[in-house]
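Chain by chain, the residues:
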Amino acid sequence: MFPRTRPSHFQQNQRGSMLVISLFVIVVMALLVLTLIRLLSASGDSLIYEVYGLRAHQAAKSGLELKLTEVFPLCPLGSVNPVCADGSRNLPSACDADTTLSFALQGLQNCSVSSSCSVDNTGDSRYYQFTSTGTCEAGDAVTARTVSVDARVEL
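None of these values were measured; they are calculated from a predicted model.

S.K.: Before we move on, could you go through the overall build of the protein chain and cite the residues and values that matter?
M.R.: Broken down by element type, the protein chain carries two helices and four strands. If you list the helices and strands of the protein chain from N to C, you get α-α-β-β-β-β. Classification of the 155 residues of the protein chain by burial places 18% in the buried group. Within the protein chain, contacts between residues at least 6 apart in sequence are counted, and of these 54% link residues at least 24 apart. Carbon and sulfur atoms form 59% of the exposed surface of the protein chain, whose accessible area is close to 11600 Å².

Next comes the structure, spelled out in C-alpha cells:
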C-alpha cells in the first residue's frame, strides 16, 4: 500500500497559513505582556500612595497630639508648672495660633503637619475642636490625611 498524498492544488492553498497563525500568536502574547506590565506598574504606584498615606496619617496624629498637649498640659501631682499651680482644676489654656512643622525623623521625612484649634464658649461648657492635616511628598506623589478631635470642658 502506498501512502496517500494530497493533490498539489491543495498544498498550494495551504502555503503561508503557519506564518499568519504564528503572527497572530505573537500579537496576542505581546498584548498580554503589555497588560501585565501595566497592572504591575499600577500596583506599584498604589503601594507608594498607600505607604505615604499611612505616613501622612501618622504625621497628622502627631500634630494633633502636639496641639492637644499645648491646650491640655499634663499636670502630675506636685507639679511646678504654672498652668497647674491651682491644684484643684486644670483648666485648659487658650488655643494659640495654627502650628506648622516639618519632620526630620526617619520614616516621616518629606512630611509636614498643620494643626489648628478652635474654641466655642457655650453656657457652662467650653467646646474645643482640634484639626490636624499631615502631608507627605515623594516626587510627584503627594498624599494628605486629616484627623480631628472634639473636646468639652465644663466650667
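Next comes the rest of the account.
S.K.: Outline unusual backbone geometry, supporting the account with residue identities and numerical values.
M.R.: Positive phi, close to 65°, is recorded for Asn110, a residue that is not glycine. Note that Asn110 resides in the loop between strand E1 (99-102) and strand E2 (111-122). Using a relative accessible area of 55% as the deciding quantity, one classes Asn110 as exposed.

S.K.: Tell me about the sheet that holds E1, residues and numbers included.
M.R.: The sheet built from four strands is open, its strands ordered E1-E2-E3-E4 with antiparallel pairing. Both outer strands of the open sheet, E1 and strand E4 (141-154), are each paired with one neighbouring strand and no more. When strand polarity is set aside, the average angle formed by the axes of neighbouring strands in this sheet is 15°. Alignment of E1 against E2, held across four bridges, turns out to be antiparallel. Its bridge partner being in E2, Ser102 is matched across the sheet by Ser112. Sitting on the sheet, helix H2 (residues 17-71) touches E1, E2, strand E3 (125-138) and E4, and the angle it makes with E3 is about 145°.

S.K.: Give me H2: which residues, what numbers.
M.R.: With 55 residues, H2 should reach 81 Å at 1.5 Å per residue; the first-to-last C-alpha distance of 81 Å fits that figure. Burial in H2 covers these residues: Tyr52, Gly53, Ala56, Ala59, Ala60, Gly63, Leu64, Lys67 and Val71. On the buried face of H2, the contacting elements are E1, E2, E3 and E4.

S.K.: Hey, could you go over a nonpolar patch on the surface for me, with residue numbers and the actual values?
M.R.: On the surface, Met18, Ile21, Phe24, Val25, Val28, Met29 and Leu32 cluster together to form a nonpolar patch covering roughly 720 Å² of accessible area. Within the fold, Phe24 resides in helix H2.

S.K.: Talk me through the pattern of salt bridges; I want residue IDs and the actual numbers.
M.R.: Taken as a whole and assessed by the stated rule, the structure comprises two salt bridges. Here Glu70 ties to Lys67 by a salt bridge, and the two come within 3.3 Å at their closest N and O atoms. Within this pair, Glu70 and its partner Lys67 are both found in helix H2, separated by three residues, close to a single helical turn. A salt bridge links Arg152 to Glu154; its shortest N-O distance comes to 3.3 Å. On the basis of relative accessible area, Glu154 is assigned to the partly exposed category, the value being 46%.

The rules we used
Residues numbered from 1 in each chain as written. Predicted model: local features only at pLDDT ≥ 70, side-chain atom pairs only at ≥ 80, totals over all residues. Heavy atoms only, no water. Helix = DSSP H or I, 4+ residues; strand = E, 2+ residues; numbered from the N terminus. Buried < 20%, exposed > 50% of the residue type's maximum accessible area, 1.4 Å probe, protein only. Contact = heavy atoms within 4.5 Å. Areas by Shrake-Rupley, 256 points an atom, 1.4 Å probe, with all protein chains shown as cover. Pairing = 2+ DSSP bridges. Axes fitted to C-alpha atoms, helices over the stretch in contact; angles between N-to-C directions. Expected span 1.5 Å × (residues − 1). Patch = residues over 30% accessible without salt bridge, like charges linked within 9 Å, V, L, I, M, F, W, Y side chains within 5 Å. Salt bridge = Lys/Arg side-chain N within 4 Å of Asp/Glu carboxyl O.

Read these as layout, nothing more, since geometry by itself doesn't imply function.
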